[in-house]
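# Close look at the chain arrangement
If you want the building blocks of each chain, they are given just below.
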Amino acid sequence: MTQTEEIMKVYYDCVMPTYARVPVVLVRGKGVNAYDIEGKEFLDFFPGWAVSGIGHCHPKVVRAIKEQAGKMIHVSNNFYNELQGKLAAKIIQHSFGVAGGKVFFCNSGAEANEAAIKLARRAGYPFGKYEIITMEGSFHGRTLAAITATAQPKYQEGFGPLPGGFVYAKFNDLESVLSKITDKTAAIMLEPIQGEGGINVGSDEFIKGLRKVCDEKKILLIFDEVQTGMGRTGKMFCYQHYGVTPDIMTLAKTLGGGFPIGAMVAGKEIADTLQPGMHASTFGGGPLACAASLATFEAIEEGDLVEKAVRRGRYLHNRLSLLKKDFPFVHVVRGKGLMQAVELTIEGRHIVDKCAEMGLLINCTQAKILRVMPPLTVKNSDIDKALGIIEQAMKGIEVES
Ligand SMILES: *Cc1c(COP(=O)(O)O)cnc(C)c1O
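Residues numbered from 1 in each chain as written. Predicted model: local features only at pLDDT ≥ 70, side-chain atom pairs only at ≥ 80, totals over all residues. Heavy atoms only, no water.

### Some thoughts on the packing of aromatic side chains
Applied cut-off: Planes of paired rings set the category: under 30 degrees apart is stacked, over 60 is edge-to-face and the rest tilted, where pairs are Phe, Tyr or Trp rings (Trp by its six-membered ring) whose centres lie within 6.5 Å. What counts as a helix is a DSSP run of H or I of at least four residues, what counts as a strand is a run of E of at least two, and both are numbered from the N terminus. We call a residue buried when its accessible area falls under 20% of the maximum for its residue type, exposed when it is over 50%, and partly exposed in between, using a 1.4 Å probe and counting protein chains only.
Applying the stated criterion to the full structure yields six aromatic pairs. Relative to Y239, the ring of F223 lies with its centre 6.2 Å away and its plane at 25 degrees, an arrangement referred to as stacked. Linking F223 in strand β10 (residues 220-224) with Y239 in the loop between β10 and β11 (248-251), this pair joins segments that are 16 residues apart in sequence. With respect to class, F223 is no different from Y239; both count as buried. In this structure an aromatic cluster arises from ring pairing among F223, F237 and Y239.

Written out as structure tokens, the structure is:
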């Protein structure tokens, strides 16, 4: 038995089978590379669903965690912790800015969305408004409220009864959303680019139209930026492409540079809705997580990584688009910045498996969509190398026609 097989056996015996796992045991990471227990090197173009969005073990993040771990690992939220305040100010500086806003900290994307749902309901409570409109093809996480917000039957089946008050509309279809608005609508919640749903980019018309109708009807606009946030799309937050501001934004994934942290950010008008006793998280905003996140912001700012995401993203997009010439099953390439998808007319999982064998990690979502999201620190030479592997993998595909 290889070491990998031994570890897989322990998983088979003792770990709940909630994931379809690649048969690789990752033990070490550095920048765009990850290494398995057998010593094999991978180019990681899907680092933990974008959790390690500034690369594995960014030196600033490593240093911040090490230093803070020696001082204090946890501070309970009935005390003040300097780093939580600093991080909140940093997030507001990059989002709501001078208009002001406030942050609630938690530990994951689903929790951030739960918090957003609770805030929206509580804000609507005096007016009898509680319904939340979400989009078909969305993904908001795996808690009960989050799978209910996630308008995809496959995530909900068998877990009912689900919480009430969620209404589904079609993404990028303003008429569809308008038809679902009632006098009970508290919020409209969406990802500006649907990630798990296949890198579906919100159109300018749609996002601007939502902002307008939300203003007119006093509905809260919630952007789930768990995947799109922190520079990934070529702006610090994806909504900044559209010239609109949400009322609430949720963050996680890259926010901690690899360390678990989630955040729910709300504009000034509603930022004081949740008063003491209404919502909480024991671990939320702990000093280790905040230190890691502050170091992540520093790395993004000092490394000019948002601007790099624009340029590297364009290069990646162009390289991926060239695949269309050689492979008839490559249907369309789309995305913003370093959040790119290659939609195929065939199943993508064989290509993903072949890429992994050849040392490139990418993802397949919605069966036919290859998701490519390298760290913001990726170089053009890494992209060239990855494309070489993808081409090799695609060459081996037999297309049944
Ligand atoms: C990953 C993801 C979530 C869920 O985050 P968890 O940390 O797994 O709870 C929510 N929304 C979006 C858009 C995501 O990509």
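### Quick notes on the packing of helix α2 (residues 59-69) against helix α9 (residues 287-302)
Rules: The convention used is that axes are lines fitted to C-alpha atoms, helices contributing only their stretch in contact, and that angles between N-to-C directions extend from 0 to 180 degrees. In what follows, roughly perpendicular refers to angles from 65 to 115 degrees, roughly parallel to angles under 35, roughly antiparallel to angles over 145, and oblique to any angle outside these ranges. Crossing handedness follows the turn of the near helix against the far one: under a right angle anticlockwise gives a left-handed crossing, and clockwise gives a right-handed one. In what follows, a contact means two residues having at least one pair of non-hydrogen atoms within 4.5 Å. We call Asp, Glu, Lys and Arg charged. Ala, Val, Leu, Ile, Met, Phe, Trp, Tyr, Cys and Pro are nonpolar, and the rest, Gly among them, are polar.
The N-to-C vectors of α2 and α9 enclose an angle of 155 degrees; their axes lie 8 Å apart at closest approach. It follows from the interaxial angle that α2 and α9 lie roughly antiparallel. Crossing of α2 over α9 shows right-handed handedness. Within the contact between the two elements, α2 uses K60, V61, A64, I65, Q68 and A69 and α9 uses P287, L288, A291, A292, A295, T296, E298, A299 and E302. Residues that form the contact of α2 with α9 fall into these classes: ten nonpolar, two polar and three charged.

### Notes on the packing of helix α11 (residues 349-357) against helix α12 (residues 380-395)
Contact geometry of α11 with α12 gives a least axis separation of 9 Å together with a crossing angle of 125 degrees. Here α11 lies oblique to α12, going by the angle between them. The interaxial crossing formed by α11 with α12 has right-handed handedness. Residues I351, K354 and C355 of α11 pack against I389, I390, A393 and M394 of α12. In terms of residue class, the contact of α11 with α12 is built from six nonpolar, no polar and one charged.

### Remarks on the pattern of salt bridges
Oppositely charged side chains may form a pair once their charged atoms are brought near each other. As a reminder, the rule being used: Throughout this description, the term salt bridge denotes a Lys or Arg side-chain nitrogen within 4 Å of a carboxyl oxygen of Asp or Glu.
Evaluated as defined, the whole model comprises 16 salt bridges. Close ionic contact of D272 with K102 constitutes a salt bridge, the shortest N to O distance being 2.7 Å. Separated by 170 residues along the polypeptide, D272 in the loop between β12 (262-267) and α9 and K102 in strand β4 (residues 101-106) bring together distant segments of the chain. Put simply, K60, E298 and E302 are held in one network by salt bridges that share partners.

### Examining the sheet that holds strand β16 (residues 363-365)
Definition in use: DSSP calls a pair of strands paired once it identifies at least 2 bridges connecting them.
Sheet architecture is open: four strands sit in the order β13-β14-β17-β16, paired in antiparallel fashion. Looking at strand neighbours, the two that pair on one side only are β13 (330-336) and β16, the edges of this open sheet. Strand-to-strand twist across the sheet, computed as the mean angle between neighbouring axes with direction ignored, equals 25 degrees. Set on the sheet, helix α10 (residues 305-326) makes contact with β13, β14 (339-344) and β17 (369-372); between it and β13 the angle comes to about 170 degrees.

### Focus: the sheet that holds strand β6 (residues 166-169)
Strand order across the open sheet formed by seven strands is β4-β12-β11-β10-β7-β5-β6, with mixed pairing between neighbours. Every other strand in the sheet has two partners, leaving β4 and β6 as the edge strands with one partner each. Strand-to-strand twist of the sheet, defined as the mean angle between neighbouring strand axes without regard to direction, takes the value 20 degrees. Where strand β5 (residues 131-135) meets β6, four bridges bridge the pair, whose relative direction is parallel. Each residue of the ladder has a partner; that of M135, found in β6, is A169. Relative to β4, helix α3 (residues 82-94) is tilted by about 125 degrees, and along the sheet it contacts β4, β11 and β12.

### What to know about the site of the ligand
How we decide: Being near a molecule or strand, for a residue, comes down to having at least one heavy atom within 4 Å of it. Throughout this description, a polar contact denotes any pair of N or O atoms lying within 3.5 Å of each other; where both atoms belong to protein, one of them has to be capable of donating a hydrogen while the other can accept it, and for residues adjacent in sequence the pair is counted only when both atoms sit in side chains. Every accessible area reported is derived by Shrake-Rupley at a probe size of 1.4 Å, with residue values counting cover from the shown protein chains alone.
Within the structure, the ligand sits among S108, G109, A110, N113, F139, H140, G141, E191, D224, V226, Q227 and K253. Within the backbone of F139, an N or O atom sits 3.2 Å from a nitrogen atom of the ligand. Within the side chain of Q227, a nitrogen or oxygen atom sits 2.7 Å from an oxygen atom of the ligand. About the coverage of the ligand: the protein hides 80% of its 380 Å² of free accessible area. The element best represented in the shell around the ligand is helix α4 (residues 109-124), accounting for three residues. When its residues are assigned to classes, the shell around the ligand shows three nonpolar, six polar and three charged.

### Concerning α12
It helps to recall that an α-helix has 3.6 residues per turn; residues three or four apart then point in one direction. Using the following cut-off: Multiplying 1.5 Å by the residue count of a helix minus one yields the expected span of that helix. Think of the arc as the fan of directions from the helix axis to the C-beta atoms.
Relative to the 22 Å expected for 16 residues at 1.5 Å per residue, α12 spans 22 Å between its end C-alpha atoms, a close match to the ideal helical length. Turning to α12, its buried residues are D382, I383, A386, L387, I389, I390, A393 and M394. The arc that holds every buried residue of α12, seen down its axis, measures 160 degrees, which confines them to one face.

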